[in-house]
Amino acid sequence: MNKIVISLLILAVAHTTLIAQKLAPLPMNNKEWSDSCQPFRIAGNLYYVGTYDLGCYLLATPKGHILINTGLAESVPMIKKNMQQLGFNMADIKILLTTQAHFDHVAGMADIKKQTGAKMMVDEKDAKALEDGGNSDYYMGGKGPLYLPVKPDKLLKDHDTIGLGGTKLELLHHPGHTKGSCSYLVTVKDEKRSYTVLIANIPTILGGTKLSGMPGYPEIGKDFAYTLESMKKVQFDLWVASHASQFDMHNKRKAGDAYNPEAFAGRSDYDTIIKERETDYKKLKDQQ
Ligand SMILES: [Zn+2]
């Protein structure tokens, strides 16, 4: 066999191994993550297309769409149906983003990327976790990939902007929950006015975290401290988050409600949840 044939064989075997790769059992699950949710227009060209609790956000533009978060692997058909219900096609997704490389937000990335050919862009600090299916995550990793790995097409840093069809998002690096957790700021417009929307990744400290440093994440304490300070200063008109429960979505909006961006206005509950996370941080820091 010549060298080229041998290399091709090696590649084929590597590829088959990857496809046959077994995924590790998920460390946790929650019924509300898999339950369905009526999709709706949040404000301007921003739509909620996620599950009952897993926030997946669609920015629909004339040049194609941006999808932030996919939920679980099995959430993908739900997102597709939600998009169809709003009059959009999954095939038109051009850019994939996430707020954090945990399986409940990115497990459908590989599937959607394959279906659409969209470019995956990720906070550079979460790139490794995404590439190994979450196996390098300091908290959930170590037992093999939890989701199908995705190779990012572009790495993003704090304050980088992502643009498509007249919509521009700004990435805010909010590390701690994962190394590359991030939020996004986007300005959207409707017939009446424009709104600056924060898609927030709330810095939840997972049980058992050592703020003095985890083996796979030595600077975790410093990162949480940075994020808590930084999130207090973010200015916005409306806010949503990685989990619907974090911004009380189901109380702010009931199924069937008419378009009403104001339902997501105000920051008092946002300030409260950041304060709660800060209290958790201080308590943990005192104990350790
Ligand atoms: Zn998470």
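In what follows, the structure referred to is the one given above.
Calculation notes
Note on numbering: residues in each chain are counted from 1, in written sequence order. Where local features are concerned, this predicted model is filtered to residues with pLDDT of at least 70; where side-chain atom pairs are given and counted, the filter is 80 or more; whole-chain, interface and lining totals use all residues. Think of the side-chain values as coming from all heavy atoms in the structure, minus any hydrogens and water. As a rule, N, O and S atoms within 2.8 Å of a metal are its donors, except that Na, K and Ca use 3.2 Å; water is not among the atoms, so sites may look incomplete. Helix and strand definitions here come from DSSP, where helices need a minimum of 4 consecutive H or I residues and strands a minimum of 2 consecutive E residues; each element is numbered from the N-terminal end. The rule is simple: take the accessible area with a 1.4 Å probe, protein chains only, and divide by the maximum for that residue type; under 20% is buried, over 50% is exposed, in between is partly exposed. DSSP calls a pair of strands paired once it identifies at least 2 bridges connecting them. The angle between two axes is taken between their N-to-C directions and runs from 0 to 180 degrees, where each axis is a line fitted to C-alpha atoms and a helix contributes only its stretch in contact.

**Student:** Please set out the coordination of the zinc ion residue by residue, giving values where relevant.
**Tutor:** Distances from the zinc ion to its protein donors, Gln100 (OE1), His102 (ND1) and His177 (NE2), fall at 2.2 to 2.3 Å. Read from N- to C-terminus, the donor residues coordinating the zinc ion fall into the pattern Q-x1-H-x74-H. Here histidine 177 lies in the loop between β9 (167-173) and β10 (182-189) and glutamine 100 lies in the loop between β5 (93-97) and α4 (103-106), a separation of 77 residues in the sequence. As far as burial versus exposure is concerned, glutamine 100 and histidine 177 are alike and both buried.

**Student:** Quick rundown of the pairing of β10? Include the residues and the values.
**Tutor:** Extensive coverage of β10 is indicated by the burial of 6 of its 8 residues. For β9 and β10, the ladder comprises 5 bridges, and the chain directions are antiparallel. Of the residues in β10, the one forming a bridge with leucine 172 is serine 183. The hairpin formed by β10 and strand β11 (residues 194-200) contains 4 residues between the paired strands.

**Student:** Can you break down unusual backbone geometry residue by residue, with the values?
**Tutor:** Of note, the phi angle at histidine 159 is positive, near 70°, even though the residue is not glycine. Tracing the sequence through the fold places histidine 159 in the loop between β7 (154-156) and β8 (161-164).

**Student:** Any chance you could break down the sheet that holds β11 for me, citing the residues and the numbers?
**Tutor:** Taken in spatial order, the 5 strands make up an open sheet running β8-β9-β10-β11-β12, and their pairing is mixed. Only two strands of the sheet have a single neighbouring strand rather than two, namely β8 and β12 (238-241). Recorded for the sheet is a direction-independent mean angle of 20° between the axes of neighbouring strands.

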